[in-house]
Every structure is written in C-alpha cells, then in structure tokens.
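Structure at a glance
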Amino acid sequence: ANPDGGATFATDDGGWVYVSNAETGSGAGGVGALRFDASANLIDAYRILSGTSRNCAGGRTPWQTWLSCEEIPAGRVFECAPLARNSQGTARPALGVFQHEAAAVDPVRGKLYLTEDRPDSLLYRFTPTAYPSLASGVLEAAQILDPNGQGPIAPGQSRPLAWHVVPDPL
C-alpha cells in the first residue's frame, strides 16, 4: 500500500527485482519486492523490510542494497537486501534519527547525502568509517553561507557551504 521510492536490481539469470517502499504509518510500512524473469514475467513477490512507518523515497546503493528512509520524527534508515527473499533490513542509526526523505550515494567520494522531509529541513552528509559499510561514520549538516549579506538565496545563485558535525545523530 502507498508506494513511494523504488528501484530495480539485476539478477544473475537476466531478470530483475523491483523494490518499492510503503509509505504507510503505525508500523505497517516497509519494503516490498517483485521479482521478474528475463521475459518480464512476474515470478515472485516478497518483503525485505517490515514493521516500519512511512517509508519514503530512500535510495539505491552501488553495492546493490536499498536504503529505505522512515519519514517520521524519529525515523531511521534501513539497509535492505533486494535479492534476499523475506530478509529483514538492517537499521543504520549512524545515518541519523530524524524525518528522513531520500538518500543518495556518491561512490567517487565515498559519501552519502540525506534529505529530510520538513519545512525547516537540512541537507546531511554521511562519511562512513569504512566505505561502503554504513555501520559507523560521521554525520554532518550543511549550512549555506552568506558572506556578503545578500539574504535569501535566489534561483540560480550559488553560495559556499559549511559542514557541521551532528554531535549525537541518535
């Protein structure tokens, strides 16, 4: 119910798995997976995360996992294995506990960028201790600097950023 972010993952037999978050509250959210064969026939359907709430956009990783983001005030990010039938995602508290929206991986710099779904939201950057493991690392929040006192940023305008360590991401 209530599909949100999704992605596809190739399988060894030429097929693929489509995963989609369920943006349903009260612990009824999670991630579902649909497996297709090489001829695009649906051959299986299963969960890879359950018991979570309002799973929003999330993001695909280069190491073939899915990051499912909870869009609730104390929301977490779960790393899920799309090809593992009936697996359960792993909570990644080092990515912060807040109202998550989406996650994107920069494989060149070995960092993740996370967004928040609130009117006063922040942009976060996570640097894993041992990329690509998401078990530990440093979470930072961006600040748009205004060195010339120009006020609110206008479309097309660029400004420098400062990154501030989030002292207790939990």
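Below, the structure is looked at part by part. (Residues numbered from 1 in each chain as written. Predicted model: local features only at pLDDT ≥ 70, side-chain atom pairs only at ≥ 80, totals over all residues. Heavy atoms only, no water.)

Brief notes about the overall build of the chain
- Looking only at helices and strands, the chain features zero helices and 13 strands.
- The order of helices and strands in the chain, counted from the N terminus, is β-β-β-β-β-β-β-β-β-β-β-β-β.
- Considered along the principal axes of its C-alpha atoms, the chain spans approximately 60 × 35 × 30 Å.
- Within the chain, the proportion of its 170 residues that are buried is 40%. (Helix = DSSP H or I, 4+ residues; strand = E, 2+ residues; numbered from the N terminus. Buried < 20%, exposed > 50% of the residue type's maximum accessible area, 1.4 Å probe, protein only.)

Considering the pattern of salt bridges
- Overall, the coordinates contain ten salt bridges when judged by the stated rule.
- With its nearest N and O atoms 2.9 Å apart, the salt bridge here joins Glu-79 to Arg-92. Placement of the pair is Glu-79 in strand β7 (residues 77-80) and Arg-92 in the loop between β8 (90-91) and β9 (100-106), with a sequence separation of 13 residues.
- Across the pair Arg-109 and Asp-106 runs a salt bridge, and its minimum N-O distance is 3.0 Å.
- Judged by relative accessible area, Arg-109 falls into the exposed class, the value being 59%. (Salt bridge = Lys/Arg side-chain N within 4 Å of Asp/Glu carboxyl O.)

A few points about unusual backbone geometry
- Cis geometry marks the peptide bond from Tyr-131 to Pro-132; its omega dihedral reads 10°.
- With respect to the element layout, Pro-132 can be found in the loop between β11 (123-128) and β12 (137-144).
- Despite not being glycine, Ser-26 shows a phi value in the positive range, around 55°.
- Structurally, the position occupied by Ser-26 is in the loop between β2 (16-22) and β3 (30-36).
- At Arg-54, a position not held by glycine, the phi torsion is positive, near 50°.
- Here Arg-54 shows up in the loop between β4 (42-50) and β5 (59-60).

Details of the sheet that holds β8
- Ordered by their spatial adjacency, four strands build an open sheet running β5-β6-β7-β8, and the pairing between neighbours is antiparallel. A strand with exactly one partner marks an edge of an open sheet, and here the two such strands are β5 and β8.
- Note: strand β6 (residues 66-69) against β7, four bridges, orientation antiparallel. Bridge pairing in β7 links Trp-66 to Cys-80. (Pairing = 2+ DSSP bridges.)

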